[in-house]
Amino acid sequence: MQLQLQHKIVLTGVKPTGTLHIGNYYGAIKPAIDLGHAVLAQGGQHVMFIADYHAVNYLKDPVQMQECSERIACAYLACGVDPSKTIFYRQSDVPEVFEMTTLLTNFTPKGFMNKAHAYKAAVDKNLAKGEPQDAGINMGLYNYPILMAADILTYGSDYVPVGKDQVQHVEITADIAGAVNACYGQQILKIPQAITSDDTAIIPGTDGRKMSKSYGNVIPLIASAEEIRKAVMGIKTDCQDINAQKNPDEILLYQIARGVCPEAVVMEIKEGLTQGGMGYGTIKKMMAESIVKELAPIYDAYQGYKANYSKVEEMLQEGAKRARALARPVLDSFKAIVLNKSMKGK
Ligand code: ADP
Ligand code: TRP
């Protein structure tokens, strides 16, 4: 799909997590950063933030929370976010978002939340165990989509690049914005659109299932050359004869290479498999060196940011100031209409 990016606002939120892998990088991080560069080149705005309030439900250990947020901030900077251009901040540093959340609850039918997939999945799990449907479910999980709607609507976002699992949340956001606009008979909140990259294939992990931190089958994104080589050497192979002519599409090594190696390396592997004679060990070495070459600058930059974290913190604080400046007028005009009063000087 050809996006009209001129003067648009593109926003992405990233939940802090412990492990990033190359599936995340090629499937989500790189496409989001590339789209950011594209919108900035078209005179628009790129907004990217660490969704730490969204993580509270999953991460109750404060030290881990801080470490995960730091790690994500350093990783995104190392992957190419330029904080002098992208508005890059931590969700918890922008109080406007939480004020917006409270307002939006009043326009959100409870039924929307009942249908949100994370809540539904938790209910299904309870019912399958024979427990009351809401056992152990708190309002943070239930209201998760409203907080996400506030993240998006407070900045007047046009486009929201997300993984397929998050599309429903952006659709709910659009419905909530529509409900607000319909209630007051005017366009108060901009209706956002989810962007998913259909052409980014799912990258398989070392065991052939989708690469995922939950399966322990990852090639890590932020890793030393040795760690990357070790993970690539662990990719499962079959025991076909080295000289057998193989169908590359059926070979896990090739399926992974297709998603993560440059075209020239992919073609060489394809030919070696099709004609036979290229051993899996050779292919793994080629892949490992190509991945190391691609990721080494990210690893080095990451170490630099980690070692100088106070500078990163300053960048995030500066980003939060810019985010608040973008958020304030949107929130104020919404408040002015809801409360019928001028927000000037507030
Ligand atoms: P994980 O499965 O490791 O828990 P997440 O669910 O946190 O990963 O995914 C974060 C983003 O990374 C998602 O938006 C998804 O699009 C992308 N992603 C995750 N795993 C892969 C993969 N194996 N291939 C391509 N993209 C992926
Ligand atoms: N819920 C998203 C996830 O789990 C993270 C997120 C929070 C987000 N707020 C957002 C993504 C706003 C896009 C826009 O991945």
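Rules and cut-offs
- Residues numbered from 1 in each chain as written.
- Chains lettered and ligands numbered in written order.
- Predicted model: local features only at pLDDT ≥ 70, side-chain atom pairs only at ≥ 80, totals over all residues.
- Heavy atoms only, no water.
- Near = heavy atom within 4 Å.
- Polar contact = N/O pair within 3.5 Å; in protein donor to acceptor, adjacent residues only side chain to side chain.
- Areas by Shrake-Rupley, 256 points an atom, 1.4 Å probe, with all protein chains shown as cover.
- Helix = DSSP H or I, 4+ residues; strand = E, 2+ residues; numbered from the N terminus.
- Nonpolar A, V, L, I, M, F, W, Y, C, P; charged D, E, K, R; others polar.
- Domains from an automatic or database assignment.
- Contact = heavy atoms within 4.5 Å.
- Salt bridge = Lys/Arg side-chain N within 4 Å of Asp/Glu carboxyl O.
- Phe/Tyr/Trp six-rings, centres within 6.5 Å; stacked < 30°, edge-to-face > 60°.
- Buried < 20%, exposed > 50% of the residue type's maximum accessible area, 1.4 Å probe, protein only.
- Lys NZ or Arg CZ within 6 Å of the ring centre and 35° of its normal.

In the vicinity of ligand 2, 13 residues are found, and the nearest of them are His54, Tyr144, Met148, Asp151 and Gln166. In this structure, a nitrogen atom belonging to ligand 2 sits 2.6 Å away from a side-chain N or O atom of tyrosine 144. At a separation of 2.8 Å, a nitrogen atom of ligand 2 approaches a polar side-chain atom of aspartate 151. The fraction of the free accessible surface of ligand 2 (360 Å²) that becomes covered by protein chains is 91%. Put simply, the parts of the chain that give the shell around ligand 2 at least two residues each are strand S1 (9-14) and helix H8 (144-153). Sort the elements by how many residues they give to the shell around ligand 2 and H8 lands first, with four residues. Its residues assigned to classes, the shell around ligand 2 shows eight nonpolar, three polar and two charged.

Domain annotation for the chain reports domain 1 (9-202 + 309-339) and domain 2 (213-303). Measuring from the centre of the C-alpha atoms in domain 1 to the corresponding centre in domain 2 gives 33 Å. Contacts between domain 1 and domain 2 engage 13 residues on the former and 14 residues on the latter. Counting the contacts that link domain 1 with domain 2 gives zero salt bridges. Counting the contacts that link domain 1 with domain 2 gives three residue pairs in polar contact (both at pLDDT 80 or more). Secondary-structure elements contributing two or more residues to the side of domain 1 that touches domain 2 are helix H1 (22-41) and helix H3 (62-78).

Glancing now at the packing of aromatic side chains. Summed over the entire model, instances satisfying the criterion amount to seven aromatic pairs. Ring centres of phenylalanine 107 and phenylalanine 334 lie 6.0 Å apart, and the angle between their planes is 45°; this geometry places the pair in the tilted category. Of this pair, phenylalanine 107 sits in the loop between helix H4 (95-105) and helix H5 (110-115) while phenylalanine 334 sits in helix H14 (residues 309-339), and the two are 227 residues apart along the sequence. Taken individually, phenylalanine 107 and phenylalanine 334 each receive the classification buried, so the pair is uniform in this respect. Through successive ring pairs, a cluster of aromatic residues spans Phe49, Tyr89 and Tyr155. Across from the ring centre of tyrosine 58, 4.3 Å away, lies the NZ or CZ of lysine 15, which sits over that ring. One residue, arginine 209, lies across the ring of tyrosine 215, its end atom 4.2 Å from the ring centre.

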